[in-house]
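Remarks on the overall topology
So you can see what is in the structure, the chains are spelled out below.
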Amino acid sequence: MITAVLPTYNRAPMAFVKGEGSWLTAEDGSRYLDLGAGIAVNSLGHANPALVAALTEQAGQLWHVSNLYRIPQQEKLAQMLVDKTFADTVFFTNSGTEACELAVKMARKYHYDNDMADRVDIIAFEGAFHGRSTAAIAASGSEKMVKGFGPLMPGFRQLKWGDEDAIRAAITTRTCAVIIEPVQGEGGIRVATDGYLQLLRDLCDETGTLLIFDEVQCGVGRTGKLFAHEWAGVTPDIMMVAKGIGGGFPLGAVLATENAASGMVAGTHGSTYGGNPLGCAVGAKVMEIVADDAFLDAVSRKAAQFRQGLEGLVASHPTVFEAVRGQGLILGLKCKALNSDIVKAAYAEHLLTVPAADNVLRLLPALNIPEADIAEALARLDRTALRIEAA
Ligand SMILES: *Cc1c(COP(=O)(O)O)cnc(C)c1O
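One structure accompanies this document, and this report is about it. (Residues numbered from 1 in each chain as written. Predicted model: local features only at pLDDT ≥ 70, side-chain atom pairs only at ≥ 80, totals over all residues. Heavy atoms only, no water.)

Focus: the packing of aromatic side chains
- The tally for this structure, following the rule as stated, stands at three aromatic pairs.
- Ring geometry for Phe125 against Trp161: centres 6.1 Å apart, planes inclined by 90 degrees, an arrangement best described as edge-to-face. With Phe125 in strand 5 (residues 121-125) and Trp161 in the loop between strand 6 (156-159) and helix 7 (164-170), the pair connects residues that are 36 residues apart, well separated along the chain. The pair formed by Phe125 and Trp161 is uniform in burial state, with each residue classed as buried.
- For Phe125, a relative accessible area of 1% corresponds to the buried category.
- A network of ring pairs unites the aromatic residues Phe125, Trp161 and Tyr196 as a single cluster.
- In this structure, Arg31 is placed above the aromatic ring of Trp23, and the distance from its NZ or CZ to the ring centre is 4.6 Å.
- Stacked on the ring of Trp231, the Lys or Arg Lys225 has its end atom at 4.7 Å from the ring centre. (Phe/Tyr/Trp six-rings, centres within 6.5 Å; stacked < 30°, edge-to-face > 60°. Helix = DSSP H or I, 4+ residues; strand = E, 2+ residues; numbered from the N terminus. Buried < 20%, exposed > 50% of the residue type's maximum accessible area, 1.4 Å probe, protein only. Lys NZ or Arg CZ within 6 Å of the ring centre and 35° of its normal.)

A look at the site of the ligand
- As a matter of local geometry, the ligand sits amid Ser95, Gly96, Thr97, Phe129, His130, Gly131, Glu181, Asp214, Val216, Gln217 and Lys243.
- Side-chain polar atom of Gln217 to an oxygen atom of the ligand: 2.7 Å apart, as the coordinates give it.
- Bound to the protein, the ligand loses 84% of the 380 Å² it would expose on its own.
- A class-by-class count of the residues in the shell around the ligand yields two nonpolar, six polar and three charged. (Near = heavy atom within 4 Å. Polar contact = N/O pair within 3.5 Å; in protein donor to acceptor, adjacent residues only side chain to side chain. Areas by Shrake-Rupley, 256 points an atom, 1.4 Å probe, with all protein chains shown as cover. Nonpolar A, V, L, I, M, F, W, Y, C, P; charged D, E, K, R; others polar.)

Details of the pairing of strand 12 (residues 252-256)
- Among the five residues of strand 12, five are classified as buried, and the element is accordingly described as predominantly covered.
- Residues of strand 12 alternate between two faces, with Gly252, Val254 and Ala256 on one and Ala253 and Leu255 on the opposite face, all of them buried.
- Judged from the four bridges that link them, strand 11 (residues 238-241) and strand 12 form a sheet pairing that is antiparallel. Its bridge partner lying in strand 12, Met239 is registered against Leu255. (Pairing = 2+ DSSP bridges.)

Re helix 8 (residues 194-207)
- Its 14 residues place the ends of helix 8 20 Å apart at the C-alpha level, agreeing with the 20 Å of an ideal helix rising 1.5 Å per residue.
- Of the positions making up helix 8, those classed as buried are Tyr196, Leu197, Leu199, Leu200, Arg201, Leu203, Cys204 and Thr207.
- Buried residues in helix 8 make contact with strand 5, helix 7, strand 7 (175-180) and strand 10 (210-214).
- Note on helix 8: the residue one or two positions beyond its end, Gly208, has a positive phi of about 75 degrees. (Expected span 1.5 Å × (residues − 1). Contact = heavy atoms within 4.5 Å.)

Some thoughts on the packing of helix 3 (residues 72-84) against helix 9 (residues 277-290)
- Put simply, helix 3 and helix 9 touch, their axes get as near as 8 Å, and they point 30 degrees apart. Here helix 3 is positioned roughly parallel relative to helix 9, judged by the angle of their axes. As for how helix 3 packs across helix 9, the hand of that crossing is left-handed. Between helix 3 and helix 9, the residues in contact are Gln73, Gln74, Lys76, Leu77, Met80, Leu81 and Lys84 and Pro277, Cys280, Ala281, Gly283, Ala284, Met287 and Glu288, respectively.
- In terms of residue class, the contact of helix 3 with helix 9 is made up of eight nonpolar, three polar and three charged. (Axes fitted to C-alpha atoms, helices over the stretch in contact; angles between N-to-C directions. Parallel < 35°, antiparallel > 145°, perpendicular 65-115°, else oblique. Left-handed = near helix turned anticlockwise from the far one by under 90°.)

A word on the layout of surface pockets
- Roughly 600 Å³ of internal volume is contained in the second largest pocket.
- Every residue lining the second largest pocket is counted, 26 residues in all, and those nearest its centre are Gln74, Thr89, Val90, Phe91 and Phe92.
- Of all the secondary-structure elements, those providing two or more residues to the lining of the second largest pocket are helix 3, strand 4 (89-93) and helix 4 (96-113).
- Broken down by element, the residue count for the lining of the second largest pocket peaks at five residues, all from helix 3.
- A class-by-class count of the residues in the lining of the second largest pocket yields 14 nonpolar, 10 polar and two charged. (1 Å grid on protein atoms, 1.4 Å probe; cavity = no way out; pocket = protein on both sides within 12 Å on 5 of 7 lines; lining within 4 Å. Points joined across faces, edges and corners; volume = space filled by probe spheres on them.)

Next comes the structure, spelled out in structure tokens:
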């Protein structure tokens with residue numbers, strides 16, 4: 001018999017009742033160290049006092065009003081994002097998937113309005129993840145996500161990750177847009193090189209193609225810069241943001257240049273909930289904390305400590321782990337043993353990790369994880385590896 005909750009997830013049996021910082025308390029009272037952070041969502045840890053205060057203060061005033069009216073909390077957060085990034089304008093969504101929908105619509109509308117209505121083809125990459133809507137699964141192209149859900153939205157193709165010849169051959173003056181995660185999350189924590197992002201920017205500029213960065217997972221401080229593409233010194237025309245920006249409140253955004261957004265006039269797009277006062281009050285507090293040089297420097301310091309420890313684990317458990325991947329606190333352990341077995345063994349050590357494609361174990365702790373918790377995580381990962389070796 002089907003469960004009351006549609007059974008689309010492979011869930012572990014634990015349920016959590018309370019969170020504090022990088023720790024979660026299960027129903028049985030036991031505590032788990034959380035290196036998943038709701039898949040890069042709880043960017044400032046669980047029950048962060050500053051976020052709780054921002055949320056409850058706004059909750060006592062006004063939760064929701066329609067976008068039929070001005071929303072000052074939304075204007076404030078949009079201005080913060082515009083001030084800190086390449087973007088001139090922002091649209092708020094509730095999720096990364098919805099951000100993908102708008103990014104695709106915006107790119108196609110741009111060319112339509114520039115008298116190139118047939119310029120609809122969007123280039124994406126193998127291993128990509130952009131969400132679960134029909135546009136987002138068409139962009140990913142992954143068999144697991146698209147099978148049985150056809151007909152797929154037309155106009156998407158996937159190139160091999162990092163293949164310079166393939167992208168040179170693929171981008172033409174008929175291409176609508178290129179969409180890429182500067183650091184692939186679900187695809188196995190694969191970091192695009194600075195040179196590759198620069199090549200994409202150059203080819204897009206030469207052909208009038210729009211460049212879309214999906215920073216839903218790697219953005220909002222996770223790499224040690226506010227956005228991952230800043231490391232490469234390359235900016236997109238359109239950028240998708242979600243996950244970490246709400247710190248646990250469902251919030252997403254599309255950031256764009258004035259040029260790329262020029263087709264999105266009144267009536268062309270909308271959202272009932274997107275950018276409501278509650279979400280934007282929390283988002284503004286997250287931004288206030290994360291978009292601070294000292295905070296971002298601390299992310300890089302913690303990341304260096306974590307990474308060094310992980311390199312040690314790879315050296316001491318060569319039959320379990322193969323290599324460390326990632327940038328900042330979006331880290332992956334490429335595994336020799338099966339990643340799903342390691343995730344399970346880590347549960348036994350009361351440590352939460354997330355599997356990714358390419359047999360990778362994903363580590364996405366809160367950006368403000370204390371150094372002592374990183375040391376504890378490394379000790380638990382060591383014991384996890386010993387369990388796998390003993391099995
Ligand atoms: C999670 C994710 C999405 C989809 O976001 P949802 O909020 O789950 O809709 C899109 N792109 C990337 C890179 C993601 O990691």
